[in-house]
Amino acid sequence: MAENYVTYDTGKVGPADASISPRYAGIATFARLPRIEEVPNPDIAVVGVPFDSGVSYRPGARFGPAHVRESSRLLRPYNPATGVAPFASAQIVDAGDIAVTPYNNHDAMAAVEQAANELRAGGRKLLTIGGDHTVALPNLRSVYKDHGEIAVIHFDAHLDTWDTYFGEDTNHGTPFRRASEEGLLDLERCLHVGIRGPLYGEQDLRDDERLGFAIISSVEIENEGVPSAIERMLKRVGDRPVYISVDIDVLDPAHAPGTGTPEAGGMTSRELLRMLRALGACNVVGAEVVEVAPAYDHAQLTGIAAAHVSYELLSVMAAHTAAAAE
Ligand SMILES: N=C(N)NCCCC(=O)O
Ligand SMILES: [Zn+2]
Ligand SMILES: [Zn+2]
């Protein structure tokens, strides 16, 4: 193949071989993986949603997918932290972008849902790269179709269970309230991790609990430590199919400045990656990494963090795919 993709003993086609084609060469796919058209029957697809018409503050997450792909060129095929070789364990591809209208949030999200349904046909898993957090709603609608009421682990500074902004019910502060109202969520098994920062009022927390979420706050992670947070996280979701939503603003702005609604006092990348690795114990049926806004990034800090977060999520899903095939 023109891109010199590696083929593993398992028959899976992996990234372009960095000893033939240097990492900085070629058009960026995620981790320099093959495109979806280039290999048969992919198990997992990475797909971008360049959409940010749901933002309430700084715009620019529409450029997130391209930035994360550019920032993912250095990812290597073996993950020593978990002992997983994701690209050899499962056929992973880049499915390009779901390009949707920037002028109507409802139409855009309907299009994302339809594309997600098509990409997920036959049990394929998706890792979505946003885009703003509005995309969680169509992603959950799609996953619900196959798995029923879903457990969600939501890494974010923000609750994203607010009601409306300027009368608009579909935006990046509301996806989990809409999902809960629509009956998509397992109300005993949803969890926010990394919450911090000012709220509109105490009622936000009461609403959030009623909508099905428990909280591990950023301060609790600091006080109790990551191992205890991991224990609580795994207990909350149990053995239910779980959807992982990572808003990159869960990281402290020092680790991820390139985002639209930054809040001081967040997790380090090291803490987040460690928590994600623990998800190997869960049945992860899909995931997303959202809210990367490259205009506010520096030296690819946010892009690289998002690329590594994506890599851990792919490792977890690939290990599960390989185990299921045995
Ligand atoms: N989903 C993200 N990143 N932010 C939601 C913030 C909603 C607000 O401006 O209150
Ligand atoms: Zn957020
Ligand atoms: Zn969010």
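Quick caveat: nothing in here was measured; it's all calculated off a predicted structure.

Asks: For this particular structure, what's the right way to read the site of ligand 1?
Replies: As a structural note, the neighbourhood of ligand 1 is formed by Ser 56, His 133, His 158, Asp 160, Trp 162, Tyr 165, His 172, Tyr 200, Asp 247, Asp 249, Thr 261 and Glu 291. Tyr 165 has a polar side-chain atom sitting 2.8 Å from an oxygen atom of ligand 1. Tyr 200 places a side-chain nitrogen or oxygen 2.5 Å from an oxygen atom of ligand 1. Its free accessible area being 310 Å², ligand 1 has 92% of it covered by the protein chains. Spatially, ligand 1 is embedded in the largest pocket. Along the lines of polarity and charge, the residues of the shell around ligand 1 split into three nonpolar, five polar and four charged.

Asks: Got a minute to help me understand the sheet that holds strand S4 (residues 92-97) in this structure?
Replies: Strands in a sheet are paired, the pairing made by backbone hydrogen bonds, and the direction either parallel or antiparallel. Read from one edge to the other, the open sheet built from eight strands follows the order S4-S3-S5-S10-S9-S6-S7-S8, with strand pairing classed as parallel. The strands lining the two open edges of the sheet, one partner per strand, are S4 and strand S8 (213-217). Across this sheet, the average inter-strand angle for adjacent strands is 15°, counted without regard to direction. Taken together, the five bridges between strand S6 (residues 151-155) and strand S9 (residues 241-247) define a ladder with parallel strand orientation. Bridge pairing in S9 places Ile 153 opposite Ile 244. Helix-sheet contacts for helix H3 (residues 105-120) involve strand S3 (44-49), S4 and strand S5 (125-130), and the interaxial angle to S5 is about 145°.

Asks: Would you explain the side chain of Glu 291 in this entry?
Replies: Note that Glu 291 resides in the loop between strand S10 (283-290) and helix H10 (301-325). Buried within the structure, Glu 291 lacks any salt-bridge partner; Arg 58 is the closest side chain of opposite charge, at an N-O distance of 9.1 Å. Filtering out sequence-adjacent residues up to four positions away, Glu 291 remains in contact with Ala 61, Gly 131, Asp 132, His 133, His 172, Asp 247, Ile 248, Gly 258, Thr 259 and Gly 260.

Asks: Even after reading the chapter, I still don't get the layout of surface pockets, so can you show me in this structure?
Replies: A water-sized probe rolled over the atoms picks out the places where empty space is left. Its boundaries defined by the atoms lining it, the largest pocket holds a volume of some 330 Å³. Lining the largest pocket are 21 residues, and of these His 158, Trp 162, Tyr 200, Thr 261 and Glu 263 sit closest to its centre. Looking at the lining of the largest pocket residue by residue, the classes come out as eight nonpolar, seven polar and six charged. Looking at the second largest pocket, its volume works out to about 290 Å³. As for the second largest pocket, its lining consists of 18 residues, and the residues nearest its centre are Leu 74, Leu 75, Arg 76, His 308 and Tyr 311. The dominant element in the lining of the second largest pocket, judged by the number of residues it contributes, is H10, at five residues.

Asks: Just checking my understanding: could you explain helix H8 (residues 226-237) for this structure?
Replies: Count 3.6 residues to each turn of an α-helix, and residues three or four apart come out pointing the same way. Between its first and last C-alpha, H8 extends 17 Å over twelve residues, near the 16 Å set by a 1.5 Å rise per residue. Burial in H8 covers these residues: Val 226, Ala 229, Ile 230, Met 233 and Val 237. Each buried residue of H8 lies within a common arc of 100° when the element is viewed along its axis, so the set occupies one face. Turned more than 90 degrees away from the buried face of H8, the exposed residues are Glu 231 and Lys 235. Positioned one or two residues after H8, Gly 238 has a phi angle of 55°, which is positive.

Asks: When you look at the coordination of the zinc ion (ligand 2) in this model, what are you seeing that I'm missing?
Replies: A four-donor tetrahedral metal ideally has 109.5 degree angles, and a six-donor octahedral metal ideally has angles of 90 or 180 degrees. Around the zinc ion (ligand 2), the protein contributes the donor atoms Asp 156 (OD), His 158 (ND1), Asp 247 (OD), Asp 249 (OD) and Asp 249 (OD), which lie 2.1 to 2.4 Å from the metal centre. Coordination at the zinc ion (ligand 2) comes from six donor atoms whose angles at the metal span 57 to 162°, giving a geometry best classed as irregular. Of note, the zinc ion (ligand 2) draws all its donor residues from one chain, in the sequence arrangement D-x1-H-x88-D-x1-D. Here the zinc ion (ligand 2) and the zinc ion (ligand 3) are spaced 3.1 Å apart, and both take Asp 156 as a donor. Remark: Asp 247 occurs in strand S9 and His 158 occurs in the loop between S6 and helix H5 (175-181); sequence separation between them is 89 residues. Comparing His 158 with Asp 247 shows no difference in burial state: the two are buried.

Definitions and cut-offs
- Residues numbered from 1 in each chain as written.
- Chains lettered and ligands numbered in written order.
- Predicted model: local features only at pLDDT ≥ 70, side-chain atom pairs only at ≥ 80, totals over all residues.
- Heavy atoms only, no water.
- Near = heavy atom within 4 Å.
- Polar contact = N/O pair within 3.5 Å; in protein donor to acceptor, adjacent residues only side chain to side chain.
- Areas by Shrake-Rupley, 256 points an atom, 1.4 Å probe, with all protein chains shown as cover.
- 1 Å grid on protein atoms, 1.4 Å probe; cavity = no way out; pocket = protein on both sides within 12 Å on 5 of 7 lines; lining within 4 Å.
- Sits in = over half its atoms within 2 Å of the grid points.
- Nonpolar A, V, L, I, M, F, W, Y, C, P; charged D, E, K, R; others polar.
- Pairing = 2+ DSSP bridges.
- Helix = DSSP H or I, 4+ residues; strand = E, 2+ residues; numbered from the N terminus.
- Axes fitted to C-alpha atoms, helices over the stretch in contact; angles between N-to-C directions.
- Contact = heavy atoms within 4.5 Å.
- Buried < 20%, exposed > 50% of the residue type's maximum accessible area, 1.4 Å probe, protein only.
- Lys, Arg positive; Asp, Glu negative; His and termini not counted.
- Salt bridge = Lys/Arg side-chain N within 4 Å of Asp/Glu carboxyl O.
- Points joined across faces, edges and corners; volume = space filled by probe spheres on them.
- Expected span 1.5 Å × (residues − 1).
- Arc of directions from axis to C-beta.
- Donors = N, O, S within 2.8 Å, 3.2 Å for Na, K, Ca; no water.
- Tetrahedral: all angles 85-135°; square planar, octahedral: opposite > 155°, others 65-115°.

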